[in-house]
Amino acid sequence: MSLTIKHLLGLRSVPKEDITLILDTAKGFQEVLSRDIKKVPTLRGQTVVNLFFENSTRTRISFELAEKRLSGDTVNFSSAGSSVKKGETLKDTIRNIEAMKIDMVVVRHQSAGVPKYLTECTNAVIINAGDGSNEHPTQALLDMLTMRDRWGALKGLKVAIVGDILHSRVARSNMWGLATMGADLWVCGPETLIPQYMQEFKGVTYTNNLDKALKNAKVVMALRIQLERQSTGLFPSINEYRARWGITAQRLEKSGCSDALIMHPGPINRGIEITTDVADGPNSAILTQVTNGVATRMAVLYLLGGGREHAAE
Amino acid sequence: MQQNNTILIKGGRVISPKNRLNGVIDVLIANGTIEKTGKALNIAADRVVDAKGMYVVPGLIDMHCHFREPGFEEKETIQTGAQAAAAGGVTTVAVMPNTNPVVDNETVVKFIMDRARDAAIRVLPIGAISHNQEGAVLSEIGLMRRAGIVAVSEDGKSVMDSGLMKNAMRYCTMDDTLIISHCEDPGLSKGGVMNEGRISSMLGFKGIPKIAEEIMVARDIMIARDTGARIHIAHVSTKGAVELIRAAKKDKMRITAETAPHYFTLTDDIIVNFNPNHKMNPPLRNKEDVEAIIKALADGTIDAIATDHAPHTIDDKDMEFDQTPNGVVGLETSVGVTLTHLVHKKKITIERMVELMSVNPAAILKIDHGQIAQGKRADITIIDPSKPWTVDSKKFRSLGKNTPFEGMKLRGKAVVTIVNGNVVYEE
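Residues numbered from 1 in each chain as written. Chains lettered and ligands numbered in written order. Predicted model: local features only at pLDDT ≥ 70, side-chain atom pairs only at ≥ 80, totals over all residues. Heavy atoms only, no water.

Novice: For this particular structure, what's the right way to read the overall build of chain A?
Specialist: Each helix and strand counted, chain A has 12 helices and 9 strands in total. For 313 residues, the compact-globule estimate of 2.2 N^0.38 gives 20 Å, and chain A sits close to it at 19 Å. Counting only C-alpha atoms, chain A reaches 55 × 45 × 35 Å along its principal axes. For chain A, with 313 residues in total, the buried portion stands at 57%. Sequence separation of at least 24 residues holds for 73% of the intrachain contacts in chain A that already meet a minimum separation of 6. Of the roughly 12,600 Å² of accessible surface on chain A, 51% is carried by carbon and sulfur atoms. Averaging the coordinates of the 38 positive side-chain charges in chain A and doing the same for the 32 negative ones gives two points 1 Å apart. (Helix = DSSP H or I, 4+ residues; strand = E, 2+ residues; numbered from the N terminus. Rg over C-alpha atoms; globule rule 2.2 N^0.38 Å. Buried < 20%, exposed > 50% of the residue type's maximum accessible area, 1.4 Å probe, protein only. Contact = heavy atoms within 4.5 Å. Areas by Shrake-Rupley, 256 points an atom, 1.4 Å probe, with all protein chains shown as cover. Lys, Arg positive; Asp, Glu negative; His and termini not counted. Charge placed at Lys NZ, Arg CZ, Asp CG, Glu CD.)

Novice: Teacher, can you tell me more about the overall build of chain B here?
Specialist: Scanning chain B from N- to C-terminus turns up 12 helices and 20 strands. Taken against the 2.2 N^0.38 rule, which gives 22 Å for 427 residues, the C-alpha radius of gyration of chain B at 20 Å falls within 12% of a compact globule. Once the C-alpha set of chain B is aligned to its principal axes, its extents read approximately 65 × 45 × 45 Å. For chain B, the residues scored as buried account for 65% of the 427 residues in total. Within chain B, counting contacts between residues at least 6 apart in sequence, those at least 24 apart form 76% of the total. Total accessible area on chain B stands at roughly 15,200 Å², and carbon and sulfur atoms take up 50% of it.

Novice: Quick question: what am I supposed to make of the domain arrangement of chain B here?
Specialist: Residues and elements named next belong to chain B. Entries for chain B in the domain assignment read domain 1 (6-55 + 376-386 + 394-426) and domain 2 (59-365). Across the contact, 36 residues belong to domain 1 and 50 residues belong to domain 2. Interface area, domain 1 with domain 2, both sides summed: about 3,200 Å², of which 64% is carbon and sulfur. Connecting domain 1 to domain 2 are 2 salt bridges. As a salt-bridge pair, E351 and R13 come within 3.2 Å of each other at their nearest N and O atoms. The tally of links between domain 1 and domain 2 comes to 20 residue pairs in polar contact (both at pLDDT 80 or more). Among the secondary structure elements, those contributing two or more residues to the side of domain 1 that touches domain 2 are β2 (13-16), β18 (380-390), β19 (409-419) and β20 (422-426). Broken down by element, the side of domain 1 that touches domain 2 gets its largest block of residues, 9 residues, from β19. A class-by-class count of the residues in the side of domain 1 that touches domain 2 yields 17 nonpolar, 9 polar and 10 charged. (Domains from an automatic or database assignment. Buried area = accessible area lost by both parts, 1.4 Å probe. Salt bridge = Lys/Arg side-chain N within 4 Å of Asp/Glu carboxyl O. Polar contact = N/O pair within 3.5 Å; in protein donor to acceptor, adjacent residues only side chain to side chain. Nonpolar A, V, L, I, M, F, W, Y, C, P; charged D, E, K, R; others polar.)

Novice: Can you help me understand the domain arrangement of chain A in this one?
Specialist: One frequently used descriptor of interface size is the decrease in accessible area upon assembly of the parts. Residues and elements named next belong to chain A. Looking at chain A, the domain boundaries give domain 1 (16-134 + 291-305) and domain 2 (137-289). Summarising the inter-unit geometry, the C-alpha centres of domain 1 and domain 2 are found 25 Å apart. Across the contact, 27 residues belong to domain 1 and 25 residues belong to domain 2. Both sides of the domain 1 and domain 2 interface together cover about 2,100 Å² of buried area, and 55% of this is carbon and sulfur.

Novice: Explain the side chain of A:R172 to me, please; I cannot follow it from the model alone.
Specialist: Inspection of the secondary structure puts A:R172 in helix α7 (residues 169-180). Buried charge without a salt bridge: A:R172, with A:D164 as the nearest opposite-charge side chain at an N-O distance of 7.4 Å. In this structure A:R172 touches A:S133, A:N134, A:I165, A:L166, A:H167, A:P195, A:F201, B:S201, B:M202, B:L203 and B:G204, once residues within four positions along its chain are discounted.

Novice: Can you help me understand the layout of surface pockets in this one?
Specialist: The space that makes up the second largest pocket amounts to roughly 400 Å³. Lining the second largest pocket are 18 residues, and of these B:N275, B:P276, B:N277, B:K317 and B:D318 lie nearest its centre. Elements represented by at least two residues in the lining of the second largest pocket include exactly α5 (114-121) of chain A together with α10 (314-317) of chain B. Considering only residue class, the lining of the second largest pocket consists of 5 nonpolar, 7 polar and 6 charged. (1 Å grid on protein atoms, 1.4 Å probe; cavity = no way out; pocket = protein on both sides within 12 Å on 5 of 7 lines; lining within 4 Å. Points joined across faces, edges and corners; volume = space filled by probe spheres on them.)

Novice: What's the story with the UniProt feature "binding site: carbamoyl phosphate" (unreviewed entry) in chain A in this structure? I'm lost.
Specialist: Residue and element names in this part refer to chain A. Under the UniProt annotation, the feature "binding site: carbamoyl phosphate" (unreviewed entry) is placed at R58, T59, R108, H136, Q139, G266 and P267. As for the largest cavity, its lining draws on R58, T59 and Q139 from among the annotated residues. Following the sequence through the fold, T59 ends up in helix α2 (residues 58-69). With residues near it in sequence (within four places) discarded, T59 still touches F52, R108, A129, H136 and R297. Position of G266 among the secondary structure elements: in the loop between β9 (261-263) and α11 (276-279). Here G266 falls in the buried class, since its relative accessible area comes to 19%. (UniProt positions renumbered as here; feature names shortened; annotations may be inferred.)

Novice: Help me understand the sheet that holds β9(A), please; the structure alone is not making it clear to me.
Specialist: All names here are of chain A. Across the sheet, 5 strands lie side by side as β7-β6-β5-β8-β9; this open sheet has parallel pairing. Each having just a single partner strand, β7 (204-207) and β9 make up the two edges of the open sheet. Within this sheet the neighbouring strands show an average axis-to-axis angle of 20°, counted without direction. Bridging between strand β5 (residues 158-162) and strand β6 (residues 184-188) involves 5 bridges; their strand directions are parallel. Considered in β6, the bridge of K158 is made with D184. Sheet strands touched by helix α6 (residues 137-151): β5, β8 (219-222) and β9. Its angle to β9, the strand with the most contacts, is close to 165°. (Pairing = 2+ DSSP bridges. Axes fitted to C-alpha atoms, helices over the stretch in contact; angles between N-to-C directions.)

Novice: Please explain the UniProt feature "domain: Aspartate/ornithine carbamoyltransferase Asp/Orn-binding" (unreviewed entry) in chain A as it appears in this structure.
Specialist: UniProt records the feature "domain: Aspartate/ornithine carbamoyltransferase Asp/Orn-binding" (unreviewed entry) at residues 155-304 of chain A, using the numbering of this structure. Taken end to end, residues 155-304 of chain A is 36% helix and 14% strand, and its two terminal C-alpha atoms sit 26 Å from one another.

Novice: What am I meant to see in the environment of B:H262 here?
Specialist: Residue and element names in this part refer to chain B. If you trace the backbone, H262 turns up in the loop between β16 (255-259) and α9 (287-299). Assessed through its relative accessible area of 3%, H262 is described here as buried. When the C-alpha positions of H262 and N167 are compared, they lie 33 Å apart, and in sequence the two are 95 residues distant. Beyond its immediate stretch of four places on either side in the chain, H262 contacts M280, L284, T307, V328, P404 and F405.

Put into structure tokens, the structure is as follows:
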């Protein structure tokens, strides 16, 4: 079995079979990660560059761990800011790095489309670790793995994503991926934080009404509210946001979804988009997501990398 | 640009709607002037151009170009821009004032006109409405007019202070100076890198909504109605803007409008490829807008096709989509794109194309061009309407290779360009 895609740029046009293969492969790596020696030789001799143009802690560490546990050689490159600000073009950066003979590039960048652009500048395999507000496919894949582990199947599963959908690459990747997998996905937030043209996301329902979004949901995912959005006039105040869209135990109970899996891609604004008792409660999968992140990224690296011919032992 | 040789253009189909010429007619050029037109002229000439099967039309006029000089000569100069125009069959261009320094006083106007003297085609400057395009105080509109500008424009942005815009329009009524209005409300467009719509929602890009354009079209129509000024709406890209202009024309207002070839051919769906050569302002819109613009070109609501030729260096455009500057080149593709997508598809007639690309821009700019008639300056474009070719930016004469039409297969091309009786381009 192998993937139809050559790079992981996003989940928008990734077929169901590929997503299923990645999730199934990640299952195998979850088992590897539970061993005493959490390392397999599948990426031995391969060099992976983690190219981060935007601050990131967990995603970068997660990728780095995934690469190391596959025995790949890893190099980290971090630089904040665009080409214009840096004084070196992105193309020059990637070509210089490629000249050092590398195999795969994991890239995060504040501009949407950069992973796609890199496929035009280099022959390396490109994995998107977040581009602008466009996509963050490995996050959505680890989310789907976490959901599937809890509820068995994604098809028909009611998932509610609540918060700043407009600026969220996590939401977009989940919208594409979960729609492909046939989940019953609802997105919810203030009208000004929802993309104006939601009809493009087939199979996704949107509402401003939190109670409707939560009703009988099996998964509730809160997204980080960036505090600076308030000053750009997108919503009146943190206080109003919390009152209308904050995830609390009472809201969950009222909507009949006290057993819903609680997720958050982090970092959390405790007491704003989600209360601490819910984030740390018995149904919280927030740290499980982080653990699954490593297994999922191992699966993606393994399936896209040259280690394709080896099996996950 | 003086030429004493005589040229006889034989056997071509002359299309000059202003004086209702349309048929196989020969044209004799002498001393830079159209000496004679007539059927089967049997006159000796220094040069005979066989135009059988070709359209012989009044020299094309592109009233919205950026030649970047002074200040950005790495992107284009008046010389290279004029070469590109000649290769596209264009004999006159009007160039926008967003140079460095901005064209806001007669010294800069004179500099451009001086450079233009050696150019292959006619280059006419447009002045800024406000000093340094800052929207605070008026530029020296009257002195620039006397020095040779054909219009004023704040191209690249709107004059956001409606009071200043009203003053500019009233001031311009004195000399009947044309105001070319770039319509964009920055409160709505700020941070936007593409059309706001399905695709921007999908890709997570901040969009430039259509209403950012339409609000300012509506405002400028209202100010023009109040002041009696003559306005021209630049690069119309939306159906809503077309409707506003149509209504204003119905009210007999002195308003004209232009659009660019990319607005009647391409839509924002193409942005999923993140190609910076599809990034311009206003941005590519939707199918309904393309259809409305084609209809407006046919029914007279839009008067002119202008390319908004905006050259950038390869390096300027070879980076992150949202970081690249706006703008695409157009001079060397406008004839081919217009013939292929409008004339050959029977959306407009060839006569209408000549109106849109020569007769009307001449009338709007009040310059004595745009017709093939005895005694007129000999600016003539010969077009092979069926010549097949593929857009290849490597062959452009423009320094800007940033075309949105790369690789597009077209039918029809300018093959001879004559300015003031001189052949400035032929293939």
